[in-house]
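Examining the three-dimensional arrangement
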Amino acid sequence: FAQEDETPTLDKLNSKHELRIDGLEALAIPNIEINYEYVISKYAGAGAAVSFSLDESFSEYQKFAITPYYRQYFLNKKEYGARGLFIEGLLQFAIGDSYSSDFVETSPGFFETVDDGDWFDTGIGLAIGQKWVSNNGFVFELSGGAGRYLLDSDDSPDAFFRGGFLIGYRF
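What comes next is a walk through the structure.

Procedures and definitions
- Residues numbered from 1 in each chain as written.
- Predicted model: local features only at pLDDT ≥ 70, side-chain atom pairs only at ≥ 80, totals over all residues.
- Heavy atoms only, no water.
- Helix = DSSP H or I, 4+ residues; strand = E, 2+ residues; numbered from the N terminus.
- Buried < 20%, exposed > 50% of the residue type's maximum accessible area, 1.4 Å probe, protein only.
- Contact = heavy atoms within 4.5 Å.
- Areas by Shrake-Rupley, 256 points an atom, 1.4 Å probe, with all protein chains shown as cover.
- Polar contact = N/O pair within 3.5 Å; in protein donor to acceptor, adjacent residues only side chain to side chain.
- Phe/Tyr/Trp six-rings, centres within 6.5 Å; stacked < 30°, edge-to-face > 60°.
- Lys NZ or Arg CZ within 6 Å of the ring centre and 35° of its normal.

A tally of regular secondary structure across the protein gives 1 helix and 8 strands. Along the protein, from the amino end to the carboxyl end, the secondary structure elements read β-α-β-β-β-β-β-β-β. The buried share among the 171 residues of the protein stands at 37%. Expressed as a percentage of contacts within the protein between residues at least 6 apart in sequence, the contacts between residues at least 24 apart total 57%. Summing over all exposed atoms, the protein offers an accessible surface of approximately 9800 Å²; the carbon and sulfur share of this is 64%.

Set out below in structure tokens:
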């Protein structure tokens, strides 16, 4: 028994599924973003993020978004993969509220912007980041990037941000 290896097995590290939540968005912009990633190989992963707003005042930015992505990992010297420096290519499908720049007096001395309705747009973007995976499967990720909406709707924003501080688990 003295020769048995008690170090953590690579089972958690070689697992193919990962769930993460963006802590920065949850705290800074009342918004929940949940990410799922499937580890394709030591150097690649694909997944999707689902994001939805918890506060109406931020729905001009976006109410709901689905973001499929593909990641390529670099500088990976461990025997398990999908960790380290990565570059991500992504698409984004989003909806939100559109507000005009006109103000309407709702009562004497009080003004509000006018809700012009909903918008839908599709965008493409890039992100760069770093992912750390612990021996027991916990994941921490720091990433940032941006993209541009393609449909050029008058009501939607021109661009979007992608990234944050994500915490999750590999299983």
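With that settled, consider the environment of E37. Take E37: it is sitting in strand β2 (residues 31-41). A C-alpha to C-alpha distance of 9.1 Å links E37 and R170, two positions 133 residues apart in sequence. Beyond its immediate chain neighbours, meaning those up to four positions away, E37 contacts K16, H17, E18, R20, G45, A46, G47, Y69, R71, Y73 and K131. A distance of 3.2 Å separates a polar atom in the side chain of E37 from a polar atom in the side chain of R71. A polar contact of 2.7 Å, which involves the side chain of E37, links it to the side chain of Y73.

With respect to the element layout, E33 can be found in strand β2. A distance of 3.0 Å separates a polar atom in the side chain of E33 from a polar atom in the side chain of N35.

The next subject is the packing of aromatic side chains. Here the structure, examined in full by the defined rule, presents 5 aromatic pairs. Where Y149 meets F160, the ring centres are 5.1 Å apart and the plane angle is 50 degrees; that geometry is what we call tilted. In this pair, Y149 sits in strand β7 (residues 138-149) while F160 sits in strand β8 (residues 159-170), placing the two residues 11 residues apart along the sequence. The pair formed by Y149 and F160 is uniform in burial state, with each residue classed as buried. Above the ring of F86, the side-chain terminus of R71 is found at 3.9 Å from the ring centroid.

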